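# An overview of the molecular structure
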Amino acid sequence: MMKGNEAKKIFSEDDELYQYGMNLLIDELANISVAVVLGVLSGRWLEIVFFVLSFVSLRRYAGGYHCKTSKGCFWMSSLIMAVAVAGIVLLQTLTSRIPGVLPWICLWESVMGICILMLVPIEAKNKPLDSIEKKVYGKRARITMIIQMAAAFLLLVPQTRFGAVLIVTHSIILITLLIAKCLQHVHKA
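This one's a predicted model, so the numbers in the text were calculated from it and none came from an experiment.

## Quick notes on the overall build of the chain
Secondary structure assignment for the chain yields 6 helices and 0 strands. Starting at the N terminus and walking to the C terminus, you meet the elements of the chain as α-α-α-α-α-α. Across its three principal axes, the chain shows a C-alpha extent of roughly 75 × 40 × 30 Å. Approximately 12,100 Å² of the chain is accessible, and the part contributed by carbon and sulfur atoms is 70%. Within the chain, the 12 negative side-chain charges are centred at a point lying 9 Å from the centre of the 19 positive side-chain charges.

This is how it looks when you write it as structure tokens:
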């Protein structure tokens, strides 16, 4: 049985951990709120859900640019979701209204896919990877990317809205990878 002072010492040692956990929870709830608002305002809530799921499942292992602060991460996530909605709307409009654009979109997906497969994983300055993590994350990112590319092609041919979501997801992932790669070269110089 713990005495009063011992219990206070244990709880005060865990305060930092509890605070960190609460901050993570608040950040996640804020990001979910932004996704819900964007989905409702754009009328594309299913696409937003699919975007978040596909983005997170690839981004987890691919790496890329990471903000230094949780506020920066919130604003960057909000910007990414807003760009995703705009990109999805644009891509859906292009594929439905411009004949002959689909092969060009498929070519873009192929080029992005090759680039992403060659680049992953990319560590960030504030999220370094050891040699084992690089190997494991690289393999998982490549498998996830290949599955998502196959799904994108299968969904693009009948011009479903989810094919556009995957193209936008891969475009944003590639941008975050290239930003992180550029920052690595800047920091080394």
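## Some words on helix α4 (residues 102–119)
If you check α4, its first and last C-alpha atoms are 26 Å apart, about what 18 residues at 1.5 Å a residue would give, namely 26 Å. The complete set of buried residues in α4 reads L102, I105, C106, E109, M112, G113 and I116. Along the long axis of α4, the arc covered by the buried residues comes to 125°, so they all point the same way. Looking at α4, the residues exposed on the side facing more than 90 degrees away from the buried face are P103, W104 and M118. Elements that come into contact with the buried residues of α4 comprise α3 (70–97), α5 (131–156) and α6 (161–188).

## So, the side chain of E47
For E47, the position within the fold is in helix α2 (residues 45–62). In this structure E47 comes out as buried when scored by relative accessible area, which is 3%. Among the polar contacts made by the side chain of E47, one reaches the side chain of Q92 at a distance of 3.5 Å. For E47, the residues in contact, after removing those within four places along its chain, are I88, Q92, R161, F162 and V165.

## Observations regarding the nonpolar core
Core analysis: the biggest nonpolar cluster contains 38 residues, and F51, I116, I167, I172 and L177 have the highest contact counts within it. Among the elements of the structure, α1 (4–42), α2, α3, α4, α5 and α6 are those that each provide at least two residues to this core. The element contributing the most residues to this core is α6, with 10 residues. Other than its neighbours up to four places away in sequence, F51 contacts I80, M81, A84, V165, T169 and I172.

## Here we look at the pattern of salt bridges
One side chain can pair with another of opposite charge once the charged atoms of both are near each other. Enumeration over the complete set of coordinates arrives at 2 salt bridges. The shortest N-O distance in the salt bridge between E47 and R161 comes to 3.9 Å. Separated by 114 residues along the polypeptide, E47 in helix α2 and R161 in helix α6 bring together distant segments of the chain. The residue K134 makes a salt bridge to E123 at a minimum N-O spacing of 3.7 Å.

## Some points on the packing of α4 against α5
The description of two helices packed together rests on the angle between their axes and the distance between the axes. At a closest axis distance of 10 Å, the pairing of α4 and α5 adopts a crossing angle of 175°. With respect to α5, the axis of α4 lies roughly antiparallel. On α5, the residues that touch L102, I105, C106, E109, S110, G113, I116 and L117 of α4 are R142, M145, I146, M149, A152, F153 and L156. Of the residues belonging to the contact of α4 with α5, the class tally is 11 nonpolar, 2 polar and 2 charged.

## Digging into the state of the cysteines
In the structure shown here, the tally under the stated rule is 0 disulfides. Considering cysteine sulfurs only, C115 is the nearest to C182, which forms no disulfide, with 12 Å between them.

How each quantity is defined
- Residues numbered from 1 in each chain as written.
- Predicted model: local features only at pLDDT ≥ 70, side-chain atom pairs only at ≥ 80, totals over all residues.
- Heavy atoms only, no water.
- Helix = DSSP H or I, 4+ residues; strand = E, 2+ residues; numbered from the N terminus.
- Areas by Shrake-Rupley, 256 points an atom, 1.4 Å probe, with all protein chains shown as cover.
- Lys, Arg positive; Asp, Glu negative; His and termini not counted.
- Charge placed at Lys NZ, Arg CZ, Asp CG, Glu CD.
- Expected span 1.5 Å × (residues − 1).
- Buried < 20%, exposed > 50% of the residue type's maximum accessible area, 1.4 Å probe, protein only.
- Arc of directions from axis to C-beta.
- Contact = heavy atoms within 4.5 Å.
- Polar contact = N/O pair within 3.5 Å; in protein donor to acceptor, adjacent residues only side chain to side chain.
- Core = buried A, V, L, I, M, F, W, Y, C linked by side-chain atoms within 4.5 Å.
- Salt bridge = Lys/Arg side-chain N within 4 Å of Asp/Glu carboxyl O.
- Axes fitted to C-alpha atoms, helices over the stretch in contact; angles between N-to-C directions.
- Parallel < 35°, antiparallel > 145°, perpendicular 65-115°, else oblique.
- Nonpolar A, V, L, I, M, F, W, Y, C, P; charged D, E, K, R; others polar.
- Disulfide = S-S within 2.5 Å.

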